[in-house]
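Coordinate analysis (summary)
Okay, here's what each chain looks like letter by letter:
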Amino acid sequence: VFILIEDFSKAMSQAGNSQFQEVIRQKLEDSMKVELEKILITASSNELEHTKKDLEGFKKLFHRFLQEKGPSVDWGKIQRPPEDSIQPYEKIKARGLPDNIASVLNKLVVVKLNGGLGTSMGCKGPKSLIGVRNENTFLDLTVQQIEHLNKSYNTDVPLVLMNSFNTDDDTKKILQKYSHSRVKIYTFNQSRYPRINKETLLPIAKDVSYSGENTECWYPPGHGDIYASFYSSGLLDNLIAEGKEYIFVSNIDNLGATVDLYILNHLMNPPNGKRCEFVMEVTNKTRADVKGGTLTQYENKLRLVEIAQVPKAHVDEFKSVSKFKIFNTNNLWIALSAIKRLQEKNAIDMEIIVNPKTLDGGLNVIQLETAVGAAIKSFENSLGINVPRSRFLPVKTTSDLLLVMSNLYSLNAGSLTMSEKREFPTVPLVKLGSSFTKVQDYLRRFESIPDMLELDHLTVSGDVTFGKNVSLKGTVIIIANHGDRIDIPAGAVLENKIVSGNLRILDH
């Protein structure tokens, strides 16, 4: 059945025509079922079990996708969260720490979301293996942090990596180098779902293979998949059996997401005696974060609302820094027993994110995904904690990489902390142009990372290189027009400067 998705949407929105809608839906589901069965037949005996599980999960998601219409929130029902549902971090820190913090730490598992590739930064392989500081990768820094905790408190906090089929092999190879570190490392894989042709709403994969020309046929369905994959891997039950009670989940590229003992203590020893099953760290929005998901009160529950769920007429209101002051950092603390209970009841409810992509050959596809934080409404006694901005330090681009490589931060036991010499608690706004997008190009353009302690704003565009020991202060804008080149010489100090044109030597 070949139905354009736009026509499908139109047909679905014709109110009163529910019988017709149901017929279309049923035909689409039947066609999908036939195609998935064809794919399953191509699985070898050792692939069959997990392929079957993946395709079953996908089928459920596809069914829900066909049932849901339009943005998944009713804007009229959105309210500001009650005062006590988002606690300031200072209040939680003020409680101090108990003497037996080691026994509390022994109940914790650190989980890093490690499914992403470094493609957006021009790298092949897992993003976690990109060098970010003194040759250390994201994974190195994570292991160093947990090892430092385990040594300092004589504890046994394990690290769990949620890999995807894209990152699993490379990650497992590299894990051998940590075999003597004081951190137990476990991995499990998130699901592998087929991409759907946007026009036919059928999978583009013809068989189960995902190498060679088939690499673009499959995708990992977002980090919301953690609950089902963690549970079905058997690792969740094993960790509960070992006496573990909470996981701290974060993106592996968020260098601010370190284990916070005050938050952990608040979870394990709640002041009112009632434990939270889910804590989301949020932080104050700046102009750079207006698209971040925000916590709201919705039908008497805390709920994460993402920009994709907002009706078009209300998008500007959603982006308002004054109305929705906070956004989700994706640092989450979740009770293991609650994940098990909800997973067994099939009661974890997450909105579907429809992610459109255009493949290399020009084919338009969609990916159906979910987000880990969206499950907050399914848990009991959820809480938001408004944490300092320093706990949100993601490295998504080479502009972010420049910040974390610079003297704005010092590195200690795998953790980055802002230099005390920086007068402002916020980081400078850095925008590097397309010549810097790929990590190898970026590294070639800096002989050494500039001194940025007094920098407020940096924009660089075009063919620009930096010599050794350059200092940047205030607002610096460097623009090399097409065909021009600007070389900032060694030792240059640029303070509140606009540099443009074609410059090989700069008078300073």
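Residues numbered from 1 in each chain as written. Predicted model: local features only at pLDDT ≥ 70, side-chain atom pairs only at ≥ 80, totals over all residues. Heavy atoms only, no water.

**Quick notes on the side chain of Ser 399**
Put simply, the rule reads: For helices the rule is a DSSP run of H or I covering at least 4 residues; for strands it is a run of E covering at least 2, with both sets numbered from the N terminus onward. Accessible area is worked out with a 1.4 Å probe on protein chains only. A residue is then buried under 20% of its type maximum, exposed over 50%, and partly exposed in between. Two N or O atoms count as a polar contact when they lie within 3.5 Å, although within protein this holds only if one can serve as hydrogen donor and the other as acceptor, and sequence-adjacent residues are included solely when both atoms are side-chain atoms. In this description, contact between two residues means that some pair of their heavy atoms is separated by no more than 4.5 Å.
Considering the arrangement of structural elements, one finds Ser 399 in helix α13 (residues 398-405). By relative accessible area, Ser 399 is classed as buried at 9%. At 3.1 Å, the side chain of Ser 399 forms a polar contact with the backbone nitrogen of Leu 432. If near-sequence neighbours (up to four positions away) are discounted, Ser 399 is found in contact with Val 430, Lys 431 and Leu 432.

**Here we look at the pairing of strand β5 (residues 159-163)**
The condition is simple: The criterion for strand pairing is that DSSP finds at least two bridges linking the strands in question.
The element β5 is largely enclosed, with a buried count of 5 among its 5 residues. Burial along β5 is two-sided: Leu 159, Leu 161 and Asn 163 facing one way and Val 160 and Met 162 facing the other are all buried. Relative to β5, strand β2 (residues 108-114) runs parallel, the two sharing 5 bridges. Within β5, the residue paired with Lys 112 across the bridge is Leu 161. Two strands pair when backbone bridges link them, and β5 and strand β6 (residues 185-189) are joined in this way by 5 bridges, in the parallel orientation.

**Re helix α2 (residues 18-41)**
Put simply, the test is: Expected span of a helix: the number of residues minus one, times 1.5 Å.
An ideal rise of 1.5 Å per residue puts 34 Å on 24 residues; α2 measures up with 35 Å between its terminal C-alpha atoms. Within α2 the residues assigned to the buried category are Gln 21, Ile 24, Arg 25, Leu 28, Glu 29, Ser 31, Met 32, Glu 35, Leu 36 and Ile 39.

**Here we look at the domain arrangement of the chain**
Many descriptions give the size of an interface as the accessible area lost when the pieces come together. For clarity, the cut-off: An automatic or database domain assignment provides the domain bounds reported here. Buried area is a sum: the accessible area each of two parts loses on coming together, probed at 1.4 Å, counted once for each and added. In the sections that follow, a salt bridge refers to a side-chain nitrogen of Lys or Arg positioned within 4 Å of a carboxyl oxygen of Asp or Glu.
You can read the domains of the chain as domain 1 (75-391) and domain 2 (398-500). Between domain 1 and domain 2, the C-alpha centre-to-centre distance is 30 Å. Facing 16 residues of domain 1, the contacting portion of domain 2 comprises 16 residues. Surface buried jointly by domain 1 and domain 2 totals about 1200 Å² across both partners, of which 63% is contributed by carbon and sulfur atoms. Inspection of the domain 1/domain 2 interface yields 0 salt bridges. Viewed at the interface, domain 2 and domain 1 are joined by 5 residue pairs in polar contact (both at pLDDT 80 or more). Looking at the side of domain 1 that touches domain 2, the elements with two or more residues in it are β3 (131-133) and α6 (138-153). Ranked by residue count, the leading element in the side of domain 1 that touches domain 2 is α6, at 4 residues.

**Comments concerning the nonpolar core**
The test is simple: Within this scheme, the nonpolar core is defined by two criteria: the residues are buried Ala, Val, Leu, Ile, Met, Phe, Trp, Tyr or Cys, and they are joined through side-chain atoms within 4.5 Å.
Ile 226, Tyr 227, Phe 230 and Phe 466 are the most contacted members of the largest nonpolar core, which has 107 residues in total. Here the element with the most residues in this core is α6; it accounts for 6 residues. Two domains share this core, each providing at least three of its residues, namely domain 1 (75-391) and domain 2 (398-500). Sequence-distant contacts of Tyr 227, defined by excluding residues within four places in its chain, comprise Phe 278, Ile 334, Ile 339, Gln 343, Ile 348, Met 350, Val 372, Ala 375 and Phe 379.

**Some details on the sheet that holds strand β25 (residues 493-501)**
Put simply, the rule reads: Lines fitted to C-alpha atoms define the axes here, with helix axes fitted over just the stretch in contact, and angles between the N-to-C directions of these axes take values from 0 to 180 degrees.
What the 4 strands build is an open sheet, ordered β20-β21-β23-β25; its pairing is parallel. The sheet terminates laterally at β20 (429-432) and β25, the two strands that pair on one side only. Along the sheet, successive strands turn relative to each other by an average axial angle of 10°, direction set aside. Across the face of the sheet, α13 comes into contact with β20 and β21 (455-461) while running at roughly 130° to β20.

**Details of the side chain of Arg 445**
Relative to the helices and strands, Arg 445 is located in helix α14 (residues 439-445). One polar contact links the side chain of Arg 445 to the main-chain carbonyl oxygen of Val 464, over a distance of 2.9 Å.

**Regarding the sheet that holds strand β14 (residues 326-335)**
Taken together, the 8 strands give an open sheet; going across it, the order is β1-β17-β11-β14-β10-β2-β5-β6, and neighbouring strands pair in mixed fashion. In the strand order of this sheet, the two ends are held by β1 (86-88) and β6, each with one partner. Across the sheet, the mean angle from the axis of one strand to that of its neighbour is 25°, orientation sign disregarded. Where strand β10 (residues 246-251) and β14 come together, 4 bridges link them in antiparallel fashion. Residue pairing across strands places Phe 248 opposite Trp 333, the latter belonging to β14. Here helix α12 (residues 336-344) sits on the sheet and contacts β10 and β14; the angle it forms with β14, its principal contact strand, is near 90°.

**Some remarks on the UniProt feature "binding site: UTP" (unreviewed entry) in the chain**
The criterion, for reference: UniProt positions are given in the numbering used here, feature names are shortened, and annotations may be inferred rather than shown by experiment.
As recorded in UniProt, the feature "binding site: UTP" (unreviewed entry) lies at Lys 127, Gln 190, Gly 222, Asp 253 and Lys 396. The class for Gly 222 is buried, based on a relative accessible area of 16%. Non-local contacts of Gly 222, meaning those with residues more than four positions away in its chain, are made with Gln 190, Glu 369 and Thr 370. Looking at where Lys 396 falls in the secondary structure, it is placed in the loop between β17 (383-386) and α13. The contact partners of Lys 396, leaving out residues within four places of it in the chain, are Ser 120, Met 121, Lys 127, Asn 251 and Asp 253. A polar contact of 2.9 Å, which involves the side chain of Lys 396, links it to the side chain of Asp 253.

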